[in-house]
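Read off the chains here:
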Amino acid sequence: MLAKIKGYGLYGIKGYPVTVEVDVANGLPMFDIVGLPDASVKESRERVRSALRNSGFEMPNARITVNLAPADIKKEGALYDLPIAIGLLTASGQLNCDSISDYIFVGELSLDGSLRGVAGVLPMVIDARQHGETAVLLPKANAPEGAYVEGIAVYGAEDLNGVVDHLNGRSILHKEEVRAWQPGMNGAMVPDFADIRGQEGAKRAMEIAAAGGHNILLIGPPGAGKTMLARSLCGILPELSFEEALEVTKIHSVNGTLQDEIISSRPFRSPHHSVSAAALTGGGMKVKPGEVSLAHCGVLFLDEFPEFRRDVLEALRQPVEDGFVTVTRVMASVTYPASFMLVASMNPCPCGHYGTDQCRCTPLQIQRYLGRISGPLLDRIDMHVEMNPVSFHEMTAAPKGEPSYVIKERVDAARMIQMNRFSDLGIYSNSQMDAKAIEMHCKPDALGERILKQAFDGMNLSARAYTRILKVARTIADLAGSKQILGTHIAEAVQYRSLDRKYWGV
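Position labels on residues start from 1 in each chain and follow its written sequence. Residue-level local features of this predicted model are given only where pLDDT is at least 70; pairs of side-chain atoms are given and counted only at 80 or more, and the full residue set underlies all totals for whole chains, interfaces and linings. Only hydrogens and water are set aside; all other atoms, that is, all heavy atoms of the structure, feed into the side-chain values.

**A short note on the overall build of the protein chain**
Argument step 1. Only DSSP runs of H or I covering at least 4 residues are called helices, and only runs of E covering at least 2 are called strands; the numbering of each starts at the N terminus. Scanning the protein chain from N- to C-terminus turns up 22 helices and 18 strands.
Argument step 2. Considering only C-alpha atoms, the protein chain reaches an extent of 85 × 45 × 45 Å along its principal axes.
Argument step 3. Relative accessibility thresholds used throughout: buried, under 20% of the residue-type maximum; exposed, over 50%; partly exposed, between the two (1.4 Å probe, protein chains only). Counting only residues that meet the buried cut, the protein chain has 54% of its 506 residues in that class.
Argument step 4. For the protein chain, the accessible area works out to roughly 22400 Å², and carbon and sulfur atoms hold 51% of it.
Argument step 5. Of the side-chain charges in the protein chain, 52 are positive and 58 negative, and the distance between the mean point of each set is 5 Å. The protein chains shown are the only cover counted for residues, whose accessible areas, like all others here, come from Shrake-Rupley with a 1.4 Å probe. Asp and Glu are treated as the negative residues and Lys and Arg as the positive ones, with His and the ends of the chain left uncounted. Charge coordinates come from a single atom per side chain, which is NZ of Lys, CZ of Arg, CG of Asp or CD of Glu.

**Some remarks on the sheet that holds strand S14 (residues 299-302)**
Hydrogen bonds along the backbone pair up the strands of a sheet, which may run parallel or antiparallel.
Argument step 1. One bridge is not enough; two strands pair if DSSP finds at least two bridges between them. Read from one edge of the open sheet, 5 strands run S11-S14-S17-S10-S18, paired in parallel fashion. In this open sheet, the two edge strands, each paired with only one partner strand, are strand S11 (268-269) and strand S18 (383-386).
Argument step 2. Pairing of strand S10 (residues 216-219) with S18 involves 4 bridges; the strand directions are parallel. Note on S18: the bridge partner recorded for Leu217 is His384.
Argument step 3. Contact criterion: two residues are considered in contact whenever any of their non-hydrogen atoms come within 4.5 Å of each other. Every angle, taken between N-to-C directions, lies between 0 and 180 degrees, and every axis is a line fitted to C-alpha atoms, over only the stretch in contact when it is a helix. In the packing of helix H7 (residues 200-212) onto the sheet, the strands contacted are S10, strand S17 (341-346) and S18, and the crossing angle to S18 comes to about 165°.

**Structural notes on a nonpolar patch on the surface**
Argument step 1. Taken together, the side chains of Met416, Met419 and Tyr428 define a hydrophobic patch exposed on the protein surface, amounting to about 290 Å² of accessible area.
Argument step 2. Positionally, Met419 belongs in helix H17 (residues 404-421).
Argument step 3. Using a relative accessible area of 40% as the deciding quantity, one classes Met419 as partly exposed. Only residues whose relative accessible area exceeds 30% and that form no salt bridge enter a patch; like-charged residues are grouped when within 9 Å of one another, and nonpolar side chains (Val, Leu, Ile, Met, Phe, Trp, Tyr) when within 5 Å. In what follows, salt bridge is the name for a side-chain nitrogen of Lys or Arg lying within 4 Å of a carboxyl oxygen of Asp or Glu.

**Concerning the environment of Ala62**
Argument step 1. Looking at the secondary structure, you find Ala62 in the loop between helix H2 (44-54) and strand S4 (63-69).
Argument step 2. The buried category is assigned to Ala62, whose relative accessible area is 11%.
Argument step 3. C-alpha separation for the pair Ala62 and Gly27, spaced 35 residues apart in sequence, amounts to 5.9 Å.
Argument step 4. In this structure, Ala62 is in contact with Val24, Ala25, Gly27, Leu28, Pro29 and Met30, ignoring residues within four places of it in sequence.

**Concerning the nonpolar core**
Argument step 1. Ile86, Leu88, Phe105 and Leu167 are the most contacted members of the largest nonpolar core, which totals 70 residues.
Argument step 2. Leu167 has contacts with Ile86, Leu95, Cys97, Ile100, Tyr103, Phe105 and Leu137, leaving out every residue within four places of it along the chain. Only buried residues count toward a nonpolar core, which is a set of Ala, Val, Leu, Ile, Met, Phe, Trp, Tyr and Cys residues joined through side-chain atoms within 4.5 Å.

**Description of the confidence of the model for the protein chain**
Argument step 1. Scored between 0 and 100, pLDDT is the confidence that the predictor attaches to each residue. For the protein chain, per-residue confidence averages 89 on the pLDDT scale, and 97% of positions sit at 70 or higher.
Argument step 2. Taken element by element, the predicted model of the protein chain shows its lowest mean pLDDT in helix H22 (residues 499-504) (74) and its highest in S14 (96).

**Thoughts on unusual backbone geometry**
Argument step 1. A cis geometry characterises the amide bond from Ala69 onward to Pro70, with omega recorded as 5°.
Argument step 2. For Pro70, the position within the fold is in the loop between S4 and helix H3 (81-91).
Argument step 3. In this model, Leu36 sits at a positive phi of 55°, which is unusual for a non-glycine residue.
Argument step 4. By secondary structure assignment, the location of Leu36 is in the loop between strand S3 (30-34) and helix H1 (39-42).

**Remarks on the pairing of S10**
Argument step 1. The alternating pattern of S10 places Ile216 and Leu218 and Leu217 and Ile219 on opposite faces, both of which are buried.
Argument step 2. In terms of strand pairing, S10 meets S17 through 4 bridges, oriented parallel. Residue pairing in the sheet places Leu217 in a bridge with Ala344 of S17.

**Observations regarding the pattern of salt bridges**
Argument step 1. Applying the stated criterion across every chain yields a total of 30 salt bridges.
Argument step 2. With a shortest N-O distance of 2.7 Å, Asp165 and Arg170 are connected by a salt bridge.
Argument step 3. Judged by its relative accessible area of 58%, Arg170 is exposed.
Argument step 4. Between Glu291 and Arg269 there is a salt bridge, and its shortest N-O distance comes to 2.8 Å. Highlighted residues: Glu291 in helix H11 (residues 291-294) and Arg269 in strand S11, separated in sequence by 22 residues.
Argument step 5. Here Glu291 falls in the buried class, since its relative accessible area comes to 15%.
Argument step 6. Note on Arg269: relative accessible area 24%, which makes it partly exposed.

Here it is, written out as structure tokens:
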């Protein structure tokens, strides 16, 4: 007898329907799974066999063939255990349910028949709703995640018996209520800008970066406050929209790091400098998202920037420029979103005391240290900010600066201007502007034109640096509430590129 059960699979951060076809026929007892299964899918045979017996059902003593269609896409993970088990029960006559085609089944089975949670439930439920499906049956652990999707009924089950009883009408499972969402409800505590002593210039630069979504490089001696300033950034960034929160949650769901709640605060990722290129951009046997994708719509902080391997830093070029990363392997090519703010910090020399009597670094050591950051990567960072040591007076007697919530109000106002400006372009910040948008919205006044021309010729700027200066100037104008980019805005934006000559000689 043949049974067809609806399942779901994952390809990147997108779900796709999988039909689990189970055929129980006369012949020598065997259990075959076809349809490009990986090792974990093939092992479903043993999990399903034990789960059926320990749940009080009979394992058919027959020739069993399971096909996972479409057969040309590689199937990964244990999420097909439940649909295979339901298909076996249906094909062997142990389960008779006319409405079984109304459900999608996803879940991993333990040997005792209980259901374990799986990764990637949210993108699968979203895609199922878009395909017109009406109900999905999940492990109880995944039900809260799926309940954030409206328009589809989500049922969570503890074990295989609970699923069968629900289908037979003996004991109806509780339908998960659609969960309300609030921005920032699971946000972690971040340092307040008021707790950062001194560094008013760097604080101003961080405010501009947050308002426009610009990448920023902080250069300064040890203990100047670079790390604390970077960790405070999330406290002044705008709240995630629901669409952004869903996209971020899908990435973390696929990665298997999602808790019960949808992610509603901007991610802050800070990988160690020993990270590999694959861990940063994504990859592995299952082509999972990397740090650049886990930081999507948030902040990727790279502390001790020159200490990262050269190939790791160069791997940042494409996602920083394009806002996505394509990971290609022999069996798959997956594109993950990677639109993040890059915040990097570094010392000016190996000892960190460049330009003072304490520095004992030779010119060759400094050149090698700074040379670990290539020109093309440096060109993609919009703002380069120098931080000086904090004085004793600033640490003890100077009044505290503005708190994060005050700065955030200005950032939110600037972002609202940008959202209204780009409402028909599908972008959210000045840093995402393309050439046409720059030409339309970034025209400086006469003084700004002259300053920009002098900077372009005198600093040997590239075309990319020219456009990034215009983007930063547009953000400075938005913070000032000015529709026109003035000469003062251009001058301040150019200032954030002036360190290149001091440190890199360009």
